[in-house]
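Notes for the structure review
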Amino acid sequence: MAEKTAIELRNITKTFGEVVANKDISLTVNRGEILSVLGENGSGKTTLMNILSGIYFPDHGQIFIDGEEVVIRSPKDAFKYKIGMIHQHFKLVDVFSATENIVLGLKEKGRYNIKDAAKRVKEISERYGFEIDPFKRIHEMSVSEKQTVEIIKVLYRGADILILDEPTAVLTPQETQKLFAVLRRMKEDGKAIIIITHKLHEVLSLSDRVAVLRKGEYVGTVITSQTNESSLTEMMVGAKISLNIERSEPVNTEDRLTVKNLNCVNREGVKILNDISFTARSGEILGIAGIAGSGQRELLESIAGLQKVDEGEILYNNPKTGLQDNLRDKTPMQIRELGVRLSFVPEDRLGMGLVGNMDIIDNMMLRSYKKGKSVFLERKAPKDLAEHIIADLEVVTPGATTPVRRLSGGNVQKVLVGREIAASPTVLMAAYPVRGLDINSSYTIYNLLNAQKKKGVAVIFVGEDLDVLIELCDRIMVIGSGSVTGIVDGKTATKEEIGLLMTKSVKSGRGEDAV
Amino acid sequence: MMKQKEANPREPIFHIVKRDAIVWWKAWLIRAAAIVAALLVSAVLTVFLTGENPLDVFSSLIDGAIGTSRRFWFLIQNTAMLLCVALAVTPAFKMKFWNIGAEGQALIGGMATAACMIQLGDKLPYGVLLPLMFIASVLAGSIWALIPALFKAKWNTNETLFTLMMNYIAIQIVSFFASEWAVPKGSGKIGVINGDTQAGWLPVIGNQKYLLSVITVAVITVIMYIYLKYSKQGYEISVVGESQNTARYVGISVKKVIIRTMIISGAICGIAGFLLVAGADHTITRDTVAGRGFTAIMVSWLAKFNPLYMVLTSLLIVFLERGAVQISTSCGLNDSFSEIITGIIIFFIIGCEFFLNYSIKFRDKEADKQ
Amino acid sequence: MIATFIHRAVMQGIPLLFGSTGEIITEKSGNLNLGIPGIMYVGGISGVIGAFLYEHNLAGDPNPFLIIAIPLLSSLLGSLVMGLIYCFLTVTLRANQNVTGLALTTFGVGIGNFFGGSLIKLVDTDMPSITLSKTSSYFSKTFPFADNLGWFGEIFLSYSFLAYSAIIIALLASYIIKNTRAGLNLRAVGENPATADAAGINVNRYKYFATCIGSMVAGLGGLYYVMDYACGIWSNDAFGDRGWLAIALVIFAVWRPNISIIGSILFGGLFIIHNYFENLGMSAQELFKMAPYIVTLIVLIIVSMRNKKENQPPESLGLSYFREER
């Protein structure tokens, strides 16, 4: 095949403050091929693609399109070179209809006529087999509908270089297959396609070549047919590491938290949790697996008292008093006042677990500031705790008075987990605690969770990486579309088994918004 | 691929990058430079309009602000009143509740004071009347601030627009009473209240009419500083302002904090109204607060919501105002000249914030050559 | 009598309509410009300065074109400069919009009263005002046959060209915002600038354009007030709080200029209705003047309670946009 280079990136460097997001990256994409850009979270994939689509401007480096050097200063420039990007976080205007979003920013010839545009949208969607109502407003759409709008938007503009940023993260396997079929058709059309992902099987099944990034640096490009999962993993994480996470045998387990028939509905009136029942035991790690947005967040938030529950019970067996308390309809403050030592590491670290603009000491106080009768704050203990966590967990920071916003992702997470553990909980819930963390920080977190387990804490771990779940957890509960589809033993479970369970009950009630 | 460098003329010359942090002295240098630049522009403008020697202009500026002991005390009193309103809006702003209704809250507080003075001035002994006036003002101000807070907490009603409307309702209420209780009837003005008995007038201490007001505001400043920085409630305000999600996560009731903070905000506005009416004007008109509710927002924001810095920012603004009034008198311009000067200064100071938060990076030509 | 009432309500409402249309255009781009009251003052005084210079250097009869064009252009220019100041600070320098807007109002009212006061001094009369009767006579010309058509003429035809342009501008703005590509892009900028940016729309340019055009439209409200409503008489502070009322009207109209037309007449009516009650004391009149604000509050509350997506303020209203923010 006569390969024609569509894009060449040469020595691209981009820094944000002190963080080097991309360092000296060079890669090429040909026409009529699908290139996967593979890398862990935080390896700089998205930043690099944002540079290509004009969202960011590089500090150094050159971009060539069809052999010509170009400057992409804005998304408009990117369009000019027929580069279209489908972002991970959809860039759609909520109150606009699908068509309005699709034609947004276009300079078509002739008068603006939304009906004609809608007709063309319909044509495109029929050609590729999408189902979409051109006049439906975005805020009434499900996640996959929104993604469809994003893809049609790019097609409508006649882009011939497409960049997709983790497009499958929010899709069911069926939807993923559909998407891949579309992508292959585009490739046959001679388009250059870049897909960002960290899912190896997708890389292997879809792409022609794979470019690997690690910690903002370019590792290399390999031809997909000449590689395999383990060598890609090796490129991705560097030196070959065994995923040997220690797992001790649970001792003295007793039922700590029992959830019975939990049901809840989100603000839009969509049922998000459907009759969930399970028990978390002390001295054990309970994993929760599922496709993103299946209700994991709502489940943890309802236990933590942050989500309104419509039906069901959340029963806590207090080891001190031997009594059973119902946590349903209690606020976080009331739960604490009951003497329930419940710690929660939420998914949204800087938006919920910590306050970005406050320093580490003040963030330590979030959980404890109310202590004591005085109307004034007591900063001595939080200061000690902050210094203690910085030393013990090797948090890289200029000091305890640095705003946490300035720390890197892994260090932010250490601060958050450190604080939650410091409250010596009896139940510890962690949602995606290693997302975006480097390998070392991830292991620090696994060790912390294991240490808590040994202390007799009931740990609930929501994860996305099945390998980790299988190696770390004693039992794994799988949820799909807000229902429990199975609970398996971590020692005997296989990835295939869990994968099947994850997609099992997807038939009903899909269409909820993952917000 | 041997493209020439100059084939690409559209390379941007510079782009803007967010700063992480700025050294404190640099920050102050930038601010000082902005003020100096603003003063220069104002001076050029003044010279252009009057043809006076710029040095004379500056000397009358200083003369106007602190030239005589009377002017000096006027400056101090004005600063104190502006500071008081600025202190009032600060907790709300820190919570990211855009309370631009301080004008109305202070005015309604002043109205309560005036009402007590008029209706009860000859009925109650001084020792009862004065505390009653104070309490009435605090209550009136709090209620005026509580109303938008309740709607914000319950239905997330836009507070900027709500508090803005409340200002004008307060103004009309004052106009109503000013006309109802006008002396003489039909003049639409209340005139000096209890001019003969001085009932309800704030006591004069140390031979200085304004001293008590100034001391009161100084005390509030210190209390507010401590409240925001060292109290649990102040901490809650910061958390709610930074992230409502985090507040919910740790179990802070956002609604409760919004309502409580707005009551405090309104109460201090009420005190400002009380001091204005009982301590300075001894009357009430729709202009009693004189736009301080709006200027206070700028004072608070320029000081980054720090009560101690606010002493400086309010002093700066009042100093310029008083000075500009003097310039206009001595140069035969009219009083509104001071508003123009104030506007220019504020434009410069808010403009310079940009250089504190962002830096401009020029494309490194040398490094690109290779 | 009803016809007279409506006529006067419209006269009162037109400055508000200019102001609110201008502010709606501005807010659609995500800029909450609280400087509108100041801008309307500047629009008024700039027109007055233009007219003053022309009238006082006039030998014979005025040229009918120039006597309209000069005040009109100077008014537009004055408000344009104000719009540019606001944009430079909030868009280019990303300053806080509330603070900038309030400072702009202080500044604008200052400019208005300062130049007003200076001109008054220059004419050297006993009255605290300037009268520009010649200019005003041109600005307040109505349809010549309006008087012969009874109530119909009074309600529909008895206004000057500026009044009709206010309505036309409002309708035009409604149409552009809703039905054109530029309007779509503008709404996107106000709702979600990051999305608009990613779609290749120059966010800053839209913000600048919308805010400056909005300022100029609002400034015309000031011009109309002096030249037509007030019969060419400028006196300091006479314009009063109409600028804030215009901002209130934006909420009342739920960000739609065409609703603003009805709203402005209603507000105008509420503003003067106290004159139509017999034996109303002076103090009760003051209470009546509260009505527009209370009505606005009620609308604001109802809109927030119903929480309908279509009726909310533009989502990014009041926020600065910086592409590389993260």
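Fair warning: this is a prediction, and the values are worked out from it, not measured in the lab. Sequence order as written defines the numbering, with residues in each chain counted from 1. Lettering of chains starts at A and numbering of ligands starts at 1, both following the order in which they are written. In keeping with the model being predicted, local features are shown solely for residues with a pLDDT of at least 70 and side-chain atom pairs are shown and tallied solely at 80 or more, while totals for entire chains, interfaces and linings include all residues. Side-chain metrics rest on all non-hydrogen atoms present in the structure, leaving aside hydrogens and water.

So, the overall build of chain C
Applied cut-off: To qualify as a helix, a DSSP run of H or I must reach at least 4 residues; to qualify as a strand, a run of E must reach at least 2; elements of each kind are numbered from the N terminus. What the globule rule says is 2.2 Å times the number of residues to the power 0.38, and the radius of gyration is computed from C-alpha atoms. Exposed residues in this analysis have more than 50% of their type's maximum accessible area, buried residues have under 20%, and partly exposed residues fall in between, with area computed by a 1.4 Å probe over protein chains only. For the area figures, the Shrake-Rupley method with a 1.4 Å probe applies, and any residue is considered shielded solely by the protein chains shown. Positive residues here are Lys and Arg, negative ones are Asp and Glu, while His and the chain termini are left out of the count. The location of each charge is read from NZ of Lys, CZ of Arg, CG of Asp or CD of Glu.
The helix and strand inventory of chain C stands at 14 helices and 2 strands. Against the 2.2 N^0.38 benchmark of 20 Å for 326 residues, chain C shows a C-alpha radius of gyration of 20 Å, consistent with a compact globule. Seen through its principal axes, chain C has C-alpha atoms that stretch 60 × 45 × 40 Å. Out of the 326 residues belonging to chain C, those deemed buried represent 59%. Split by element, the accessible area of chain C, about 12,400 Å² in all, is 66% carbon and sulfur. Across chain C, the mean location of the 19 positive side-chain charges is 11 Å away from that of the 19 negative side-chain charges.

Digging into the environment of S46 of chain C
Residue and element names in this part refer to chain C. For clarity, the cut-off: Only heavy atoms enter the contact rule, under which two residues are in contact if any of them lie within 4.5 Å.
As for its placement among the helices and strands, S46 is situated in helix α2 (residues 36-56). Given the relative accessible area of 11%, S46 is considered buried. Leaving out residues up to four positions away in the same chain, S46 has contacts with S74, S75 and G78.

Thoughts on the nonpolar core
Soluble globular proteins tend to pack their nonpolar side chains together in the buried interior. Cut-off, in case you're wondering: Residues belong to a common nonpolar core when they are buried Ala, Val, Leu, Ile, Met, Phe, Trp, Tyr or Cys residues joined through side-chain atoms within 4.5 Å. For the domains described, the bounds stem from an automatic or database domain assignment.
If you look at the biggest cluster of nonpolar residues, it comprises 280 residues, and the most contacted ones within it are F278 and I498 of chain A. Per-domain counts for this core show at least three residues from each of domain 2 (255-341 + 424-502) and domain 3 (354-423) of chain A. When residues no more than four places from it in sequence are discounted, the contact partners of F278 of chain A are L257, T258, V259, L286, L299, I303, I460, M477 and I487 of chain A. Ranked by size, the runner-up nonpolar core spans 46 residues in total, among them I132, V182 and I193 of chain A together with A196 of chain C.

Re the confidence of the model for chain B
Residue and element names in this part refer to chain B. To keep things clear, this is the line we draw: Confidence scores per residue from the predictor, reported as pLDDT, run from 0 to 100.
The share of residues in chain B with pLDDT of 70 or more is 93%, and the mean pLDDT across the chain is 86. The least confident element of chain B, judged by mean pLDDT, is helix α14 (residues 365-369) at 44; the most confident is helix α10 (residues 254-281) at 95. Between residues 365-370, whose pLDDT stays under 50, and residues either more than four places distant or in other chains, the model counts 6 contacts.

With respect to the confidence of the model for chain C
Scored by pLDDT, chain C comes out at a mean of 88, with 98% of its residues at no less than 70. At the low end of the mean pLDDT range in chain C sits helix α6 (residues 150-157) of chain C, at 78; at the high end sits helix α10 (residues 203-229) of chain C, at 95.

Here we look at the interface of chain C and chain B
Quick reminder of the rule: A quick way to say it: buried area is the sum, across both parts, of accessible area lost when two parts are put together, with a 1.4 Å probe. Any carboxyl oxygen of Asp or Glu within 4 Å of a side-chain nitrogen of Lys or Arg constitutes a salt bridge here. Polar contact is the term for a pair of N or O atoms within 3.5 Å; when the atoms are in protein, one must be able to donate a hydrogen and the other to accept it, and sequence-neighboring residues count only if both atoms are side-chain atoms. When residue character is reported, Ala, Val, Leu, Ile, Met, Phe, Trp, Tyr, Cys and Pro are called nonpolar, Asp, Glu, Lys and Arg charged, and the others, Gly included, polar.
Every contact between the two is made by 49 residues of chain C and, on the other side, 45 residues of chain B. Carbon and sulfur atoms supply 76% of the area buried between chain C and chain B, which totals about 4,400 Å² over both sides. R286 of chain B is paired through a salt bridge with D241 of chain C; the nearest N and O atoms lie 3.7 Å apart. Summed over the shared surface of chain C and chain B, the result is 4 residue pairs in polar contact (both at pLDDT 80 or more). Listed by contribution, the elements that provide at least two residues to the side of chain C that touches chain B are α3 (64-92), α4 (97-123), α11 (242-252), α13 (282-288) and α14 (291-306) of chain C. Among the elements that take part in the side of chain C that touches chain B, α4 of chain C stands out by supplying 16 residues, more than any other. Residue composition of the side of chain C that touches chain B, grouped by class: 30 nonpolar, 12 polar and 7 charged.

Describing the pattern of salt bridges
Residues and elements named next belong to chain A. Enumeration over the complete set of coordinates arrives at 32 salt bridges over all chains. Across the salt bridge formed by K45 and E166, the nearest N and O atoms sit 3.4 Å from each other. Taken together, the residues span a long stretch of sequence, with K45 in helix α1 (residues 45-52) and E166 in the loop between β7 (161-165) and α6 (173-188) at a distance of 121 residues. On the accessibility criterion, K45 (3% relative accessible area) is buried. Accessibility expressed as a relative area gives 11% for E166, which makes it buried. The salt bridge involving E284 is made with R475; its shortest N-O contact spans 2.8 Å. Placement of the pair is E284 in strand β13 (residues 284-289) and R475 in strand β19 (residues 475-480), with a sequence separation of 191 residues.

Some words on helix α9 (residues 296-303) of chain A
All names here are of chain A. α9 sits mainly inside the fold: 7 of its 8 residues count as buried. Of all the positions in α9, only Q296, E298, L299, L300, E301, S302 and I303 are classed as buried. In the segment just after α9, G305 is the residue with positive phi, at about 85 degrees.

Regarding empty space enclosed by the protein
Selection rule: Site definitions follow a grid-based scheme: protein atoms alone, a 1 Å grid, a 1.4 Å probe that fits but cannot get out for cavities, and for pockets an open set with protein on both sides within 12 Å along at least five of seven lines, plus lining residues having an atom within 4 Å of a point. Grid points are joined across faces, edges and corners, and a volume is the space filled by probe spheres set on the points.
Tallied over the full model, the rule gives 8 cavities of 30 Å³ or more. Estimates place the volume of the largest cavity at around 160 Å³. Lining the largest cavity we find 17 residues, and of these F79, M85 and H87 of chain A together with A198 and A199 of chain C sit closest to its centre. Going through the elements one at a time, α2 (75-80), β6 (83-86) and α5 (143-156) of chain A together with α9 (193-198) of chain C are the ones with two or more residues in the lining of the largest cavity.

Observations concerning a nonpolar patch on the surface
Residues and elements named next belong to chain B. To keep it simple, the criterion reads: To count toward a patch, a residue needs a relative accessible area over 30% and no salt bridge; like charges are then connected within 9 Å, while nonpolar side chains (Val, Leu, Ile, Met, Phe, Trp, Tyr) are connected within 5 Å.
A surface patch of nonpolar side chains, amounting to about 880 Å² of accessible area, comprises V23, W24, W25, W28, L29, L308, Y309 and L312. Here the nonpolar patch takes 4 residues from helix α1 (residues 24-50), the largest share from any one element. Relative to the elements of secondary structure, L29 occurs in helix α1. For L29, a relative accessible area of 54% translates into the label exposed.

Quick notes on the sheet that holds strand β12 (residues 271-281) of chain A
All names here are of chain A. Just so we agree on the cut-off: When DSSP finds two or more bridges between a pair of strands, those strands are recorded as paired. Think of each axis as a best-fit line through the C-alpha atoms, taken over the contacting stretch in the case of a helix, with angles from 0 to 180 degrees between the N-to-C directions.
Spatial ordering of the open sheet is given by β12-β11-β14-β15, a layout of 4 strands whose pairing is antiparallel. Strand pairing shows two members of the sheet lacking a second neighbour, β12 and β15 (324-326), which therefore form its edges. Strand-to-strand twist of the sheet, defined as the mean angle between neighbouring strand axes without regard to direction, takes the value 20 degrees. Taken together, the 3 bridges between strand β14 (residues 311-317) and β15 define a ladder with antiparallel strand orientation. Opposite L315, over in β15, you have N326 as the bridge partner.

Observations regarding the sheet that holds strand β20 (residues 483-489) of chain A
Residues and elements named next belong to chain A. Read across the sheet, 6 strands follow the order β16-β17-β18-β13-β19-β20 without closing on themselves; strand pairing throughout is mixed. For this open sheet the edge positions go to β16 (342-345) and β20, each flanked by a neighbour on one side alone. Within the sheet, the average angular offset between the axes of one strand and its neighbour, ignoring direction, is 15 degrees. Sheet topology places β13 next to strand β18 (residues 458-462); 5 bridges connect them, and they run parallel. Bridging across to β18, I288 finds its partner in V462. The strands touched by helix α14 (residues 409-422) within the sheet are β16 and β17 (427-431), with β16 carrying the most contacts at an inclination of about 170 degrees.

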